[in-house]
Amino acid sequence: MKLIVDIGNSRTKLGLFSGGDLMSTSVISATPEKNDLTTFCAGNPIEAIAISSVGENLVQKIESWFPNIYLLNIESSTSFPIKTNYKTPNTLGIDRICGLVAGNKYFPENTVLVIDMGTCITYDLIDANKTHLGGGISPGYKMRLDAMHEFTTRLPKVDPKQEIPKIGTTTNESLLFGAGQGMKSEIDGIIAFFSAKHPNLKVILTGGNHLMVEQRVENAIFAAPNLILEGINSILLYNEKLND
């Protein structure tokens, strides 16, 4: 079994893979402890580990928890099965690269737009030649709500877990509607923008908040909640082959 660890800004996602097949997943706090990982892996001998992290670097800790097991810490210098046109590849989020690798694997004959809805929303485009063309970053849903509270005098802080109303009839509802409908319209607009340039475009939606808009966006999309885990595993398998 391969242990895949995706450490994000607000949560960590774990996956167990047998070859290219995802066997189980778990979501834990953004800073995993030894017990979180050992409990998740209980009864499954681990052959290799791969880590993608946008936050605290926990590689040395995890190495000490799983001694004598091959560990791949995915970073900008890692070998990837795709190319990028990004002018500053060292600043390109590893989670974005992992999403692109998996997105290309899902639809290798198409240009693919990967939309990852986490703390921020990231948009990344990869073509059938396995080349990352670039993308964009915008605030996530909670960040939009928090910003309106923090950068104004009187707007309240609202709970992002509340249902997004069809129209705002109170200030709280207006904030929820504005942030939610604005996010939906943004996603629809960006999909339409890239679809006009790439008629064969496939769209993949992933990330912790993907369910918020999966049924709301007007364009056809493919939901892949474990896309980043799948990308990390693909990069691990690719590097293992290089090292054979």
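The paragraphs below set out a description of the structure included in this document. These figures come from a predicted structure and were not determined experimentally.

**A look at helix α3 (residues 94-106)**
With 13 residues, α3 extends 19 Å between its outermost C-alpha atoms, agreeing within 8% with the 18 Å of an ideal straight helix rising 1.5 Å per residue. The buried fraction of α3 amounts to eleven of the 13 residues, a majority that puts the element mostly inside the structure. Summarising the contacts, the buried residues of α3 are in contact with β4 (48-53), β7 (112-117), β8 (120-126), β9 (131-139), β10 (202-206) and α7 (227-243).

**Section: the pattern of salt bridges**
Working definition: two side chains of opposite charge can pair if their charged atoms are close together. Per the counting criterion, the structure on display carries six salt bridges. Its salt-bridge partner being Asp124, residue Arg96 comes within 2.8 Å of it at the nearest N-O pair. Taken together, the positions of Arg96 in helix α3 and Asp124 in strand β8 put the pair 28 residues apart, joining distant regions of the chain. One exposure class covers both Arg96 and Asp124, and it is buried. Arg144 serves as the salt-bridge partner of Glu186, at 2.7 Å between the closest nitrogen and oxygen. Pair noted here: Glu186 is in helix α5 (residues 171-197) and Arg144 is in helix α4 (residues 141-150), with a separation of 42 residues, a long-range link. The partly exposed category is assigned to Glu186, whose relative accessible area is 22%.

**A closer look at the sheet that holds β7**
Sheet architecture is open: six strands sit in the order β6-β9-β8-β7-β10-β11, paired in mixed fashion. Edge strands, defined here as strands with exactly one partner in the open sheet, are β6 (83-84) and β11 (222-223). Bridge analysis of β7 against β10 gives five bridges, and the strand direction is parallel. Across the sheet, residue Val114 finds its bridge partner in β10, namely Ile204. Running over the sheet, α5 touches β7, β8, β9 and β10 and is turned about 165 degrees from β7.

**Notes on the packing of α4 against α5**
Packed helix pairs are characterised by how far apart their axes lie and by the angle those axes make with each other. In the contact formed by α4 and α5, the axes pass within 10 Å of each other and the chain directions differ by 135 degrees. Comparing the axis directions of α4 and α5 gives the class oblique. Relative to α5, α4 is oriented so that their crossing is right-handed. In this structure, α4 uses Tyr141, Arg144, Leu145 and Met148 to contact α5, whose residues at the interface are Leu175, Leu176, Ala179, Gly180, Gly182, Met183 and Glu186. For the contact of α4 with α5, the per-class residue count stands at seven nonpolar, two polar and two charged.

**What to know about the environment of Lys83**
With respect to the helices and strands, Lys83 occurs in strand β6. Residue classification places Lys83 among the exposed residues on the basis of a relative accessible area of 52%. Leaving out residues up to four positions away in the same chain, Lys83 has contacts with Asn129, Lys130, Thr131 and His132.

Cut-offs and rules
Note on numbering: residues in each chain are counted from 1, in written sequence order. Owing to the predicted nature of the model, reporting of local features is limited to residues with pLDDT of at least 70; listing and counting of side-chain atom pairs is limited to 80 or more, with chain, interface and lining totals taken over all residues. Values shown for side chains rest on all heavy atoms present in the structure; no hydrogens or waters enter the calculation. Secondary structure follows DSSP: runs of H or I at least 4 residues long count as helices, runs of E at least 2 residues long count as strands, and numbering of each begins at the N terminus. The span you would expect from a helix comes to 1.5 Å times its residue count less one. Accessibility here uses a 1.4 Å probe with only protein chains present; expressed as a share of the type maximum, an area under 20% marks a residue as buried, one over 50% as exposed, and anything in between as partly exposed. The contact rule is simple, with two residues in contact once any of their heavy atoms fall within 4.5 Å. Basic side-chain nitrogens of Lys or Arg form a salt bridge, by our definition, when they fall within 4 Å of a carboxyl oxygen of Asp or Glu. Note: two strands are recorded as paired if DSSP finds a minimum of 2 bridges between them. Interaxial angle, 0 to 180 degrees, is taken between N-to-C directions of lines fitted to C-alpha atoms, where a helix line uses only the stretch in contact. For classification, angles of less than 35 degrees are called roughly parallel, those exceeding 145 degrees roughly antiparallel, those between 65 and 115 degrees roughly perpendicular, and all remaining angles oblique. A clockwise turn of the near helix away from the far one marks a right-handed crossing, whereas an anticlockwise turn of less than a right angle marks a left-handed crossing. Residue polarity is assigned by list, with Asp, Glu, Lys and Arg as charged and Ala, Val, Leu, Ile, Met, Phe, Trp, Tyr, Cys and Pro as nonpolar; anything else, Gly included, falls into the polar class.

Such coordinate-based values are descriptive only and should not be taken to indicate function.
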